[in-house]
Amino acid sequence: MESKTELNGSMNQPETENGKAAVLGLQHLLAMYAGAVAVPLLIGTGLNFNSEQMTYLISIDIFMCGIATLLQLTVNKFFGIGLPVVLGCAIQAVAPLIMIGSDKGVGAIYGSIIASGIFVVLVSGIFSKIKKLFPPLVTGTVITVIGLTLIPVAVEKMGGGLATDANFGDGTNLLLAFVTIALIIVIQVWGRGFIKSIAVLVGLVGGTILAAILGQVDLAPVGEATWFHFPQPFYFGTPTFDISSIVLMIIISIVSMVESTGVYFALGDITGKHIGEEELKKGYRAEGLAVILGGIFNTFPYTGFSQNVGLVQLSGIKTRRPIYYSAFFLIVLGLLPKVGAVAQIIPEPVLGGGMLVMFGMVAVQGMRMLSKVDYNNDKNLLIIAISIGFGLGFNMLPTLFQQMPETVRMFTGNGIVMSSLTAIILNLLINGLKDEEEPTEL
């Protein structure tokens, strides 16, 4: 009888462990969902995609987040870092991709993404050497400029869409935007544990509920969406390969690799796993493969999500099992277009309020990186000042170089590219290459 009880206990234990892992996987999904869905939402609305295109874009994004995460979880001799890491779309890619799509067309977006993914795979083995070109001075400047560049987009959406619209900035739009921001602040400041980690999601849901009460929610996209679909390669057409767009996305991919390095070292520290050159190389390769697949299936570049690192620390569960469940959930949800269409019912003022917080946080993340810079060195101050000045100034007035040849204008017309190149070149010329300690935390 005793042995039978023990036997039953041992048989039930795996089920209990799987149940807990599934719940933890769901928590990881919820923590990254708002950030993952935000990227296709922002890019799709920025490029004026219709309801059907938006539904596909959001659904395939969720699906590919699951595939990208599986690539990173799977360890073999070619790719996969084997840490409990969740991959999602890189928020710093939003402004550059909207610019590329507006100027060169949607085909150029995906051509540049595929090319940048190939670049990441090719340089994965030597990135530990060339990453000296990207110290906190450079990466902090670039991420700060990206965040500051995006904020005007958020403010415009807070007003209800385009500044030229008749109802732009009316009382209802402003109410929805500021209530959303207030909810995020309340949850972030006074929330605890898991609830605090999904403050943006709570703000978006709360803002949408208020909008529904005020009659501002349109459920048509959900009704029009199908129940099931399969991912389609090149859904938005054949990719095109524009040199300036490719250079821009390579720069964004390098910034993402630098960010992911911090995520890997943080998770290695939490889980007690040594992260050496070989592990980093396979981690970068997995990201590069995910980016290539993103270009083929018309989603966006992927990077390790830092918000999920906090959940690993909070839960104390350091295995990959919950992340496998999270990846599975993402894949299933991505095959259900109606789930993706739900994200479309969020009114623009609500989305704008959430965007303002998220983009502000991107800029703050850049400033945090810049806090590691030695400001007693006037040379560093000069590099940062000029790089941010070029980035914001040239982005606000790209016609400054309209008399220059096309080959010059394709770089100077993009403030993020100019900021990146300026920071890299000035740092190399003034400070040279310096060895940096491996990061141990985000």
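Only a predicted model underlies this, so the values are computations on that prediction, with no experimental measurement involved. (Residues numbered from 1 in each chain as written. Predicted model: local features only at pLDDT ≥ 70, side-chain atom pairs only at ≥ 80, totals over all residues. Heavy atoms only, no water.)

> Can you explain the overall build of the protein chain? Please cite residues and give values.
Across its full length, the protein chain holds 19 helices and two strands. Out of the 442 residues belonging to the protein chain, those deemed buried represent 51%. Within the protein chain, contacts between residues at least 6 apart in sequence are counted, and of these 83% link residues at least 24 apart. With the model as given, the accessible surface of the protein chain reaches about 19,400 Å², and the carbon-plus-sulfur share is 65%. (Helix = DSSP H or I, 4+ residues; strand = E, 2+ residues; numbered from the N terminus. Buried < 20%, exposed > 50% of the residue type's maximum accessible area, 1.4 Å probe, protein only. Contact = heavy atoms within 4.5 Å. Areas by Shrake-Rupley, 256 points an atom, 1.4 Å probe, with all protein chains shown as cover.)

> Outline the state of the cysteines, supporting the account with residue identities and numerical values.
For the structure on display, the rule yields zero disulfides. Cysteine Cys-65 remains unbridged, with the sulfur of Cys-89 as its closest cysteine sulfur at 4.8 Å. Given the relative accessible area of 0%, Cys-65 is considered buried. (Disulfide = S-S within 2.5 Å.)

> Outline helix α9 (residues 199-213), supporting the account with residue identities and numerical values.
Here α9 is 15 residues long and its end C-alpha atoms lie 21 Å apart, about the 21 Å a rise of 1.5 Å per residue gives. What α9 keeps buried is the set Ala-199, Val-200, Leu-201, Gly-203, Leu-204, Gly-207, Thr-208 and Ala-211. Of the residues one or two after α9, Gly-215 is the one with positive phi, at around 75°. (Expected span 1.5 Å × (residues − 1).)

> Tell me what's going on with the packing of aromatic side chains, and back it up with residues and numbers.
Evaluated as defined, the whole model comprises nine aromatic pairs. Ring geometry for Tyr-56 versus Phe-236: centroids 6.1 Å apart, planes at 75°, classification edge-to-face. Here Phe-236 lies in the loop between α10 (220-224) and α11 (243-271) and Tyr-56 lies in helix α2 (residues 51-73), a separation of 180 residues in the sequence. Each of the two residues, Tyr-56 as well as Phe-236, counts as buried. Taking the centre distance of 4.9 Å and the plane angle of 80° together, the rings of Tyr-235 and Phe-236 count as edge-to-face. We classify Phe-236 as buried; its relative accessible area is 17%. An aromatic cluster of three or more residues is present, and its members are Phe-49, Tyr-56, Tyr-110, Tyr-235, Phe-236 and Phe-300. (Phe/Tyr/Trp six-rings, centres within 6.5 Å; stacked < 30°, edge-to-face > 60°.)

> I'd like to hear about the nonpolar core, residue by residue, with values.
Ranked by internal contacts, the top residues of the largest apolar core, which has 101 residues, are Ile-43, Val-94, Leu-97, Phe-300, Tyr-302 and Ile-416. Residue contributions to this core peak at 14 residues, all from α11. (Core = buried A, V, L, I, M, F, W, Y, C linked by side-chain atoms within 4.5 Å.)

> Residue-level account of the side chain of Asn-298, with values.
Residue placement: Asn-298 occurs in the loop between α12 (277-296) and β2 (302-304). From its side chain, Asn-298 meets the backbone nitrogen of Phe-236 in a polar contact 2.7 Å long. A distance of 3.3 Å separates a polar side-chain atom of Asn-298 from the backbone oxygen of Gly-295. Those residues in contact with Asn-298 that sit more than four places away from it in its chain are Leu-57, Ile-60, Tyr-110, Phe-234, Tyr-235 and Phe-236. (Polar contact = N/O pair within 3.5 Å; in protein donor to acceptor, adjacent residues only side chain to side chain.)

> A description of the environment of Tyr-375 should follow, citing residues and the corresponding values.
Looking at the element boundaries, Tyr-375 is found in the loop between α16 (348-370) and α17 (378-396). Filtering out sequence-adjacent residues up to four positions away, Tyr-375 remains in contact with Leu-370, Leu-381 and Ile-384. A polar side-chain atom of Tyr-375 sits 2.9 Å from the main-chain carbonyl oxygen of Leu-370.

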